[in-house]
Amino acid sequence: MGVEPRTTGTESNTPSLEELMSWKVAELRKFLVARKVAYEALVEKKEFASAVLKSWHLPEKQDQEQQSWWKGLRSRWTSGKEETKKLTYPHFQPSNGYMTEKFRLAYIEKNINNGVLPPEAYRMKDVVSLTASNDRNKPIFYWQLFSVLGEQRIENIIREFYKRVFRDTESWFSQPFKDLGGMEHHVWAQTMMWMDTMGGGRCYHGGDYRLSFHHSRAKHILNTRGATRWMEHMNAVLTDDNNKNIDLTKDDSDRVRAALYEFLRFFMGKYAKEFRFSDKALVYGDELPLNEMQPQDIDTLTVTKIKQLLSASDIEHKHCIERDDLISLAKQHAAGGSAPEPANAS
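Sequence order sets the numbering: in each chain, residues are counted from 1 along the sequence as written. Per-residue local features are limited, in this predicted model, to residues with pLDDT of at least 70; the limit for side-chain atom pairs, both in listing and counting, is 80 or more; totals at the level of whole chains, interfaces and linings are taken over all residues. Excluded from the side-chain calculation are hydrogens and water; included are all heavy atoms of the structure.

Undergrad: Describe the pattern of salt bridges, and please don't skip the residues or the numbers.
TA: When a carboxyl oxygen of Asp or Glu is within 4 Å of a side-chain nitrogen of Lys or Arg, the pair counts as a salt bridge. Applying the stated criterion to the full structure yields 13 salt bridges. Across the salt bridge formed by Glu160 and Lys163, the nearest N and O atoms sit 2.9 Å from each other. Here Glu160 pairs with Lys163, and both are found in helix 7 (residues 145–167), just three residues apart, close to one helical turn. Between buried and exposed lies partly exposed: a residue is buried under 20% and exposed over 50% of the maximum accessible area for its type, with that area taken using a 1.4 Å probe on protein chains only. Taking the relative accessible area as the measure of exposure, Glu160 reaches 10% and is therefore buried. Arg229 serves as the salt-bridge partner of Glu232, at 3.3 Å between the closest nitrogen and oxygen. Numbering goes from the N terminus for both helices and strands, where a helix is a DSSP run of H or I of at least four residues and a strand is a run of E of at least two.

Below, the structure written as structure tokens:
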């Protein structure tokens, strides 16, 4: 066995790199996890040993803090108010759809790679379950939304959205929807797609193939301009607290809204890749992209949220082990920051 990890390190018990190289990789990883040090980008054993040596004097985090990664998923529109009413999910019995498992796996993999979810997320019951957690200190994932909202609430969101689309006076945007079918057709198809991915069972026959085919018929608005307009309408629906047709639940609306925006962010990323447009400037709720944030605002963000913003801006950050390193990198790319120009900039 190598040197046993300590709760805190001192100058007198600091091991040498050679001593740390005698540890198993699993021991090195355990040490880094206990101190909440990012290690996903490390490959060679020597890299793990060097990271342990660098973080030797960091104290272990308490279990509660080790689970704080989820807070980055609750975006800036949450109220932060304390709710006391006990939750009793599922309100609606969920089941897998044609696309649930595929996209749940893709979402988890993407967010592990981005550092938003911990490496063990694949095995965490509250992550992979189709039923939303009754613990308010944990997020609702989008594939758990059916267990909270049920079919009628989901359909109401879609219906309010398409009311706005069909009233849109910008014909370049609204006319393609009208050409493809009436409002009821769109409401039904979109509701079935959302239900299928959100844990509402097998509703969208044809799955991902049908989804891609459906979007290919409207590919002339599947671009940055069209996606921006689409999100403007959806933001208006999800942030209108005075619309009595929209019910995100009185007792858990913050977590529900955050899960809906995560769903939209994930699938917009899929469509952007598929149809080759940029989704980096899209706005979800009242959240600002990194390049529009003020540097001083970054100091108050969680580590997970900073990683999420960096990933959304395609900024490599896996080399940043300490929180201060992440903050410094994010500030460089914030409004008025001093981010270096790309090497091929003219």
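Undergrad: An account of the confidence of the model for the chain is requested, with residue identities and associated values reported.
TA: By definition, pLDDT measures how confident the predictor is in each residue, and it falls between 0 and 100. Within the chain, residue pLDDT values average 81, and 82% of them lie at 70 or more. Confidence, read as mean pLDDT per element, is least for helix 4 (residues 63–66) in the chain (42) and greatest for helix 7 (97). The contact criterion used is simple: two residues touch if any of their non-hydrogen atoms lie within 4.5 Å. Ignoring residues within four places in sequence, the model shows residues 341–346, a span with pLDDT below 50, making zero contacts including any to other chains.

Undergrad: If you had to explain unusual backbone geometry to someone new, which residues and values would you point to?
TA: Along the chain, Tyr89 connects to Pro90 via a cis peptide bond; the corresponding omega equals 10°. Looking at where Pro90 falls in the secondary structure, it is placed in the loop between helix 4 and helix 5 (100–113). At Arg276, a position not held by glycine, the phi torsion is positive, near 60°. Along the chain, Arg276 falls in the loop between helix 12 (253–275) and helix 13 (295–298).

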